[in-house]
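Secondary and tertiary structure notes
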Amino acid sequence: MPPRSALKKDKLAAEYHRRKIDELGDPLLVLDKYVDFSALADTVDRVAPRIISPKGGRPPFPTEVMVRIIILKHFHNLSDEKMEYQLLDRMSWQRFCRLTDVINIPDRNTIWYFEKRIGQEGARALFDEAKHQLSAQGFIPRGGQIIDATLIPVPKQHNKKEENEQIRQGNPPDVWTKNKRCQKDTEATWTKKHGKRYFGYKLTINVDAKYKVIRHIATGTASAHDSPFFEAVLDRSNTSRDIYADKGYASQTREQALKEQGYRVHIQRKGLRNKPLSTCQKGRNKKIVKTRARVEHIFGSFSQMGDKFIRTVGQLRANFMMTLKATCYDLQRLVYFGKSSIHAF
């Protein structure tokens, strides 16, 4: 006599599992509840219309389906291959992406071609629409603005010394084949922070102090100094005139210009080799940190969304990835406000 088993087989097991997921709480249902994905899709279609061949052929997947897929992909920092696998494997992801009972799940190539179709303009449109949905519910920029930057690492390049010298001169090595050049990132740069070396790019963001929503972004390479990006992300629509930033943005010329425009400047002071900070300046810096530190929560959220590391080659693709990362964060804030019943005031 075979041993007894707790396993129970049923043809409706998949439906039972789906109900069980709902009882436990599917976070994707919450995301679907508070985010208007049809509006996100309409925004993408305006800046990057769907290409439909007059000769026929296979029609494209609905834009909303693909938008849902890339939002999930960048929420979890997945490659196209991993995203395809998850769509085939996870029923909750299939339901969220409107692929339940669909045989032809979008594969890795379909996801890649969709991102190529929308490009940087499409990513920026998604970012702007996410901000619009927040503003439409009253979450406008309030409480002052915080400006800061974070490093976004990419896969390190293992080049020879002479190859790096040619890259710095703007000429890829002649010995590289066409396929090898496609795999080499010659635009990312190295930088050193807290004694550790990083290779990649830099994302500068402007966050309002009240709701911690990303309002503006600017991108550059890792070695670029923070200071030039300050004006690029300055938000003139914030209801408060307070500006918070760390010592990387310290400049007497900048502070004077901001004060002439009516801003209250809270940029940390930077000590010099022969002129250390006074006790008063150190106290001021410490006071600024209490507000400025709120931006670090956002960079922490980036790490929770599959880490800040991105798998791209070239600055255009890195800009695309960083813009979608900021978009995912803002959508996450929108869901948080709705789920926590937080109302704007």
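Structure report, in brief. Remember, it's a predicted structure, so these values are computed and weren't measured experimentally.

Let us now look at the overall build of the protein. From N to C terminus, the protein includes 14 helices and 6 strands. Its C-alpha atoms give the protein principal-axis dimensions of about 85 × 60 × 60 Å. Taken across its 345 residues, the protein has 44% of its residues classed as buried. Accessible surface for the protein amounts to roughly 19900 Å². Of this, 52% is attributable to carbon and sulfur atoms. For the protein, the distance from the average site of its 63 positive side-chain charges to the average site of its 38 negative ones is 6 Å.

In this section: helix α13 (residues 294-304). Every buried residue belonging to α13 is among Val 295, Ile 298, Phe 299, Ser 301 and Phe 302, and all of these are buried. Buried residues along α13 cover an arc of 150° about the axis, so they all sit on one side. Of the residues one or two after α13, Gly 306 is the one with positive phi, at around 80°.

All right, on to helix α4 (residues 63-75) then. In an α-helix, one turn spans 3.6 residues; hence positions three or four apart end up facing the same way. The end-to-end C-alpha separation of α4 is 18 Å, in line with the 18 Å expected for 13 residues at 1.5 Å each. Counting buried positions along α4 gives 12 out of 13 residues, so the element sits mostly inside the fold. Here α4 has its buried residues at Thr 63, Val 65, Met 66, Val 67, Arg 68, Ile 69, Ile 70, Ile 71, Leu 72, Lys 73, His 74 and Phe 75. Those residues of α4 that are buried lie in contact with α2 (27-34), α3 (37-47), α5 (80-89), α6 (91-96), α7 (108-136) and α14 (315-339). At the exit of α4 stands Asn 77, carrying a positive phi of roughly 55°.

Turning our eyes to something else, we now look at the nonpolar core. One finds Val 67, Ile 69, Ile 205 and Ile 214 to be the most contacted residues of the largest nonpolar core, which totals 68 residues. Residues within four places of Ile 69 in sequence aside, it is in contact with Met 83, Leu 87, Cys 97, Leu 99, Pro 106 and Ile 111. Core analysis: the next-biggest nonpolar cluster, separate from the first, contains 14 residues, Ile 147, Ala 218, Val 233 and Ile 267 among them.

With that settled, consider the packing of aromatic side chains. Using the criterion set out here, one finds 10 aromatic pairs in the structure. With centroids separated by 5.9 Å and ring planes inclined at 75°, the aromatic side chains of Tyr 211 and Phe 337 adopt a geometry described as edge-to-face. Residue Tyr 211 is located in the loop between β3 (196-208) and β4 (214-221), and its partner Phe 337 is located in helix α14; the two are separated by 126 residues in the primary sequence. In this structure Phe 337 comes out as buried when scored by relative accessible area, which is 3%. A centroid spacing of 6.2 Å and a plane angle of 50° characterise the contact between Phe 299 and Phe 302, whose relative ring orientation is tilted. Separated by 3 residues within a single helix, Phe 299 and Phe 302 lie in helix α13, roughly one turn from each other. Taken as a pair, Phe 299 and Phe 302 share a single burial class, namely buried.

Thresholds applied
- Residues numbered from 1 in each chain as written.
- Predicted model: local features only at pLDDT ≥ 70, side-chain atom pairs only at ≥ 80, totals over all residues.
- Heavy atoms only, no water.
- Helix = DSSP H or I, 4+ residues; strand = E, 2+ residues; numbered from the N terminus.
- Buried < 20%, exposed > 50% of the residue type's maximum accessible area, 1.4 Å probe, protein only.
- Areas by Shrake-Rupley, 256 points an atom, 1.4 Å probe, with all protein chains shown as cover.
- Lys, Arg positive; Asp, Glu negative; His and termini not counted.
- Charge placed at Lys NZ, Arg CZ, Asp CG, Glu CD.
- Arc of directions from axis to C-beta.
- Expected span 1.5 Å × (residues − 1).
- Contact = heavy atoms within 4.5 Å.
- Core = buried A, V, L, I, M, F, W, Y, C linked by side-chain atoms within 4.5 Å.
- Phe/Tyr/Trp six-rings, centres within 6.5 Å; stacked < 30°, edge-to-face > 60°.

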